[in-house]
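Secondary and tertiary structure notes
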Amino acid sequence: MGSAMSERCHRRQRWAARGALASVALAALLPLLTGGLKGLLLLAAGLAGLALTAAALWWVLSRRGPARTGAAALAVVAPVAVITLFATANLLWVVFASLVLWCLAVWSGRYALRSTGLRPVRVKEYRTPPPKRPFLLLNPRSGGGKVAKFGLREKAEALGARVVLLDADQHQDVTALAKAAVADGADLLGVAGGDGTQALVAAVAAEHGLPFLVISAGTRNHFAMDLGLDRDDPSTCLDALTDGVELRVDLGFAAGRPFVNNASFGVYGAVVQSPGYREDKVGAALDRLPELLTRQSGPRLTAGADGTTIADPQAVLVSNNPYRMDDPFGFGRRERLDSGKLGVLAVRVDSAVEAAELLLAPRPEGLTVLTAQQVVVEADAPDLEVGLDGEALTLPAPVHCRIARRALRVRVPRNRPGVPEAPPRLDWRRLRKLAAAVGRTAAPSRSWRT
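To start, this report covers the structure provided alongside it.

Details of the nonpolar core
Core analysis: the largest hydrophobic core is formed by 51 residues, its most contacted members being Leu136, Leu189, Phe212, Ile215, Phe223 and Leu227. Considering each element in turn, this core owes the most residues, six residues, to helix α7 (residues 195-208). Once residues within four sequence positions are removed from consideration, Ile215 is found in contact with Leu136, Leu138, Leu152, Val191, Ala192, Gly193, Gln198, Pro234, Cys237 and Leu238. In this structure, Phe259, Ala346, Ala372 and Ile403 belong to the second largest nonpolar core, which totals 24 residues.

Concerning the environment of Thr236
Among the structural elements, Thr236 can be located in the loop between α8 (222-226) and β6 (244-254). Leaving out residues up to four positions away in the same chain, Thr236 has contacts with Lys155, Asp230 and Pro413.

Considering the pairing of strand β8 (residues 262-266)
Of all five residues in β8, five are buried; the element is thus mostly enclosed. Here β8 runs beside strand β11 (residues 315-320); their pairing, made up of five bridges, is antiparallel. Each residue of the ladder has a partner; that of Asn262, found in β11, is Ser319. The sheet contact formed by β8 and strand β15 (residues 383-388) spans three bridges and is antiparallel. Looking at the pairing, Phe265 lines up with Val386 of β15.

Here's the deal with the packing of aromatic side chains
Under the definition given, this model contains one aromatic pair. With 5.9 Å between their ring centres and 15° between their planes, Trp107 and Tyr111 make a pair best called stacked. Of this pair, Trp107 and Tyr111 both sit in helix α3 (residues 92-114), four residues apart, roughly one helical turn. Residue class for Trp107 comes out exposed when judged on its relative accessible area of 58%.

Looking at the sheet that holds strand β12 (residues 342-347)
Where strands meet in a sheet, backbone hydrogen bonds hold them as pairs that are either parallel or antiparallel. As summarised here, the arrangement of the six strands in space is β13-β12-β11-β8-β15-β16, forming an open sheet in which the pairing is antiparallel. Two strands close off the open sheet at either side, each with one partner strand: β13 (367-372) and β16 (391-396). On average, each strand axis in the sheet is tilted by 20° relative to the strand beside it, whichever way the strands run.

Definitions and limits used
Residues numbered from 1 in each chain as written. Predicted model: local features only at pLDDT ≥ 70, side-chain atom pairs only at ≥ 80, totals over all residues. Heavy atoms only, no water. Core = buried A, V, L, I, M, F, W, Y, C linked by side-chain atoms within 4.5 Å. Buried < 20%, exposed > 50% of the residue type's maximum accessible area, 1.4 Å probe, protein only. Helix = DSSP H or I, 4+ residues; strand = E, 2+ residues; numbered from the N terminus. Contact = heavy atoms within 4.5 Å. Pairing = 2+ DSSP bridges. Phe/Tyr/Trp six-rings, centres within 6.5 Å; stacked < 30°, edge-to-face > 60°. Axes fitted to C-alpha atoms, helices over the stretch in contact; angles between N-to-C directions.

Right, dumping it as structure tokens:
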């Protein structure tokens, strides 16, 4: 009976792969089959419109004054003109049909690949006794006042935690506060605040081998998201004090400074230094980007990642484990936090043509994506402006980035939303093999698991 069920699974897998390939072929051929030469010309016009839109967006970011205004208008007019062309030719339905076929191909292809049994490795959970003397730092301003809104202080103290509210009117050294708590006998350190504050206290916890509690009271809570915590109700994170498990996750360092998410060099690292960035992020970015993107200001960067040299990028992002890049719905998420590898994303765009290539080319030359255990970012200046988990810093060049594998013990609630399973990466070569497979040859061997 088990053999029959396995064979049915393999049959579904094969037909799903065939359906994905057929949908892709039909999506590409539909404009030609329905419109003939007109369809081919409109398809070319559509690609040209996308390229023109990408170029216009580049001009919006890299120009000022009337040039920026004109580019913004072009970025709107170009796609509208393409849609109008298809509508005039009564072929607009073809565009929507092709999009539906592409979506069907993606869904069917991922179903086929998911059914191969190749599952992402989940972080192992460790059952440990609850802490006896937990110490928590709460930032009352973080996330627009979530500490007070969700009664975090009252709930934490009711669960036996010692709580310190950070003073919003003066700078406090959270690292010193965490170390003092350890010296006083704390057996868990926790933070309700932004990812930058989380990283500083996490480094102290890792240094002393103590569990660390993440309370998702920040604005974006990227680290909490990748841990599978509830970002809508940060008070649920406190359940870990009584009913929790531990995860062993990695911790990144840039010039000895810890980060739980990423260290950003170049354009973003410079933009976050702007005086008005916190109040008006978009305005501050638009004000600084023209000089940064056209290299009129800012240092020239060179990044080295495990033997690979990235020359003269405008931006380099070094992340604590790589971000997912191939799924628009999971963009910005990390599949794992314990791989022991840094993610590296570098961008170099010097013209509108290269901006269009970045959008349309399957492997644009201006985009570098890789993983490494060590990354060195050099510059033609003595100091580098860095965005470290969103916090603005200036570090002496070169900046050495490394990752400490599974150095951090993160205590999380046993019952939590969890991290949604990432869909498998679309591998069309693999799909062709699955579509042509016969019988059980469609199933991979267990040795392929990672």
